[in-house]
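Spelled out, the chains give:
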Amino acid sequence: MFDIIVKDGLWFDGTGVDPVRAHLGIRDGRVASVSSEPLDETGCPEVIDATGKWVAPGFIDMHTHYDAEVLLNPGLGESVRHGVTTAVLGCCSMSTVFASNEDAADLFSRVEAVPRQYVLGALRDQRTWENAEGYVKAIDSLPLGPNVSSFLGHSELRAAVMGLGRATDKRVLPKRKELDKMAALLDEALDAGMLGLSGMDSAIDKLDGDRYRSRALPSTYAWWHERLRLVSVLRKRGRMLQSAPNVKNPSMAWMFFFASSGFFGRRRQVPVSLLVAADSKSFRWAHLLMRYGAAAGNAFFNAKVRFQHMPVPFELYSDGIDLPVFEEFGAGTAALHLKDQLERNKLLADRGYRRKFRREFALKRRVPGLWHKDFREAVIVGCPDESLVGKSFAQIAKERSKQEGSPVHPLDAFLDVLVEHGEKNVRWTTTVANHRRRELDAMAKDPNLQMGFSDAGAHLRNMAFYNFHLRFLKRMRDAELAGRRVLTMGQAVRRLTSELGEFFGLEAGYLRVGDRADFVVIDPERLDGSLEEYHEEPAEFFGGLPRMVRRNDETVPVVAVGGQIVCRKGQFEEGYGAQKQTGRYLRAVQGA
């Protein structure tokens, strides 16, 4: 007798082989049978007819920032409704294991664009742990929807050991006892089953709060002797590092290959997953540099380094200047430093400030980065003056040039519109990367790139990549139907599932006999334009803040976690994420 039978679907097992039509029997949360012949349905309470559908392992989202949301909204439904059954937390050097509630909130909120009061409130109300094992048990006791796993953040580790003030003071190096303490706490986190250490070298991300506001994250102040000390702990335990190179000093990226290396008398490699490979509009050759650089670095150092890649067009939205990319230059940071909107609007109107803004912005445009900094391609999607909606700032500049009888630069038009209507009242969008199909297809096949980096749970008003897995499958299917295959569909599914599970040390990504029954049923005929549509839904757990989402519920008839159906076409089962627990904290399976 089975708990669930999924019959007559095209079954992907996650290994990359071509799918076959099969019938799956689920019992006690595991795949009990895979048969080419119909299974006995006697006494089975749930029979899913998957005729014409795909049945695949649940997707892995290897890069999320659900650390605060999971405490308030453990169902994490915005990812699960699109087929994600495993999410990784604690990325980019930020986690909530050892640091005080206030320090953790200051680390997290501004960087990830989540209101600080809700992050702090979640920790104050929900925190029951004092150490790594307590943290893992606390998360595992929540009514989780998907499975979760996590990293220990280097910034949090520094803050917990050194204090947030000393950890963000460039004149201060950790004492030997403090280095020993960091290594001991990391070892404790690995004992508890955490995946490894996450870092951040790029100083673009800034602290929130009133004490050390606008300082860079603590991990950016660490010298490489500190990082290598912590990497040595990872190496002994067979665990991994997730980080991002310093964009101001990209030549130091080779240190990650050195840190990962299996040479130099070392017994094993350290898997390293780095941000971020993209076909950037500001630097057309960036993706080639990262791809070929990774291939050469891995070969030369005998390293295991991968770059994370979002395999869909990289669209950004912003309410005024509420976007992390403005932290790249001093004038942008100065404005974001001001929490009061009236003060910020006043600053944006100041002529001296605007001259500084224009000067610094012009200089930064010459420096390659993710954002092309071209307001000619930025289009207004929301504004009190509806006549401006749908226009680019270049169009507005051209119109105002005619009206005023003198040239108006698109950047000036941008600042003028913000001042006229209130900085937060002007919403605009632009595509910064991954806009060329040919380059995206080449990146999809590159073994040195990983499919991911959704940032789910963060940047609620800036981007929505919750369903990137489905969008990737659509692109691969469209290419196959057009006779220009990029990957087989089996290979495409593997890139989103078991390939990530193996690299990250997770028991996830496969759907074979004996595997945990985390699966998604997909209607391939609904891999269509609905995947691209923009929607907003209130995030009730964050005070009703309107969150950007994608909604394509007809594409996903069924999602199951741990052998329990949790979602049917966007409708969650009764008690989901509240009284019922379907997901678990997945402890790392590789290493000691």
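As a reminder, the structure under discussion sits directly above these lines.
Report follows, based on the coordinates. It should be emphasised that the depicted structure is a prediction, and the values quoted were computed from it without experimental measurement. (Residues numbered from 1 in each chain as written. Predicted model: local features only at pLDDT ≥ 70, side-chain atom pairs only at ≥ 80, totals over all residues. Heavy atoms only, no water.)

A separate point is the sheet that holds strand E17 (residues 449-451). Strand pairing within a sheet occurs via backbone hydrogen bonds; the two strands may be parallel or antiparallel. Read from one edge of the open sheet, six strands run E9-E10-E11-E12-E13-E17, paired in parallel fashion. Each edge of the open sheet is held by one strand with a lone partner, namely strand E9 (152-153) and E17. Both E9 and strand E10 (residues 196-198) contribute to a ladder of two bridges, which runs parallel. Note on E10: the bridge partner recorded for Leu152 is Leu197. (Pairing = 2+ DSSP bridges. Helix = DSSP H or I, 4+ residues; strand = E, 2+ residues; numbered from the N terminus.)

Once the charged atoms of two side chains with opposite charge are near each other, the side chains can pair. Across all of its chains, the model carries 55 salt bridges by this definition. Residues Arg584 and Asp140 are paired through a salt bridge, measuring 2.7 Å at the closest nitrogen-oxygen approach. Here Asp140 lies in helix H5 (residues 132-140) and Arg584 lies in the segment after strand E23 (571-572), a separation of 444 residues in the sequence. When its relative accessible area of 43% is taken as the criterion, Arg584 is described as partly exposed. On the basis of relative accessibility, which here comes to 19%, the residue Asp140 falls in the buried class. The partner of Asp187 in a salt bridge is Arg237, and the shortest N-O contact between them spans 2.9 Å. Of this pair, Asp187 sits in helix H8 (residues 176-191) while Arg237 sits in helix H9 (residues 224-237); the two residues are 50 residues apart in sequence, bridging distant segments of the chain. Residue classification places Arg237 among the buried residues on the basis of a relative accessible area of 13%. (Salt bridge = Lys/Arg side-chain N within 4 Å of Asp/Glu carboxyl O. Buried < 20%, exposed > 50% of the residue type's maximum accessible area, 1.4 Å probe, protein only.)

A few words on the packing of helix H6 (residues 154-162) against H9. Two numbers describe how H6 lies on H9: the axes approach to 13 Å, and their chain directions differ by 105°. Compared by their axis directions, H6 and H9 come out roughly perpendicular. Contact with H6, carried on its side by His154, Leu157 and Arg158, involves Glu226, Arg227 and Leu230 of H9 and no other residues of that element. For the contact of H6 with H9, the per-class residue count stands at two nonpolar, one polar and three charged. (Axes fitted to C-alpha atoms, helices over the stretch in contact; angles between N-to-C directions. Parallel < 35°, antiparallel > 145°, perpendicular 65-115°, else oblique. Contact = heavy atoms within 4.5 Å. Nonpolar A, V, L, I, M, F, W, Y, C, P; charged D, E, K, R; others polar.)

What describes two packed helices is the angle between their axes and the distance between those same axes. At a closest axis distance of 12 Å, the pairing of helix H17 (residues 437-445) and helix H18 (residues 468-481) adopts a crossing angle of 105°. Relative to H18, the element H17 lies roughly perpendicular. Across the interface between the two elements, Leu440, Asp441 and Ala444 of H17 pack against Phe472, Arg475 and Met476 of H18. Among the residues forming the contact of H17 with H18, the class breakdown is four nonpolar, no polar and two charged.

These figures capture arrangement, not role.
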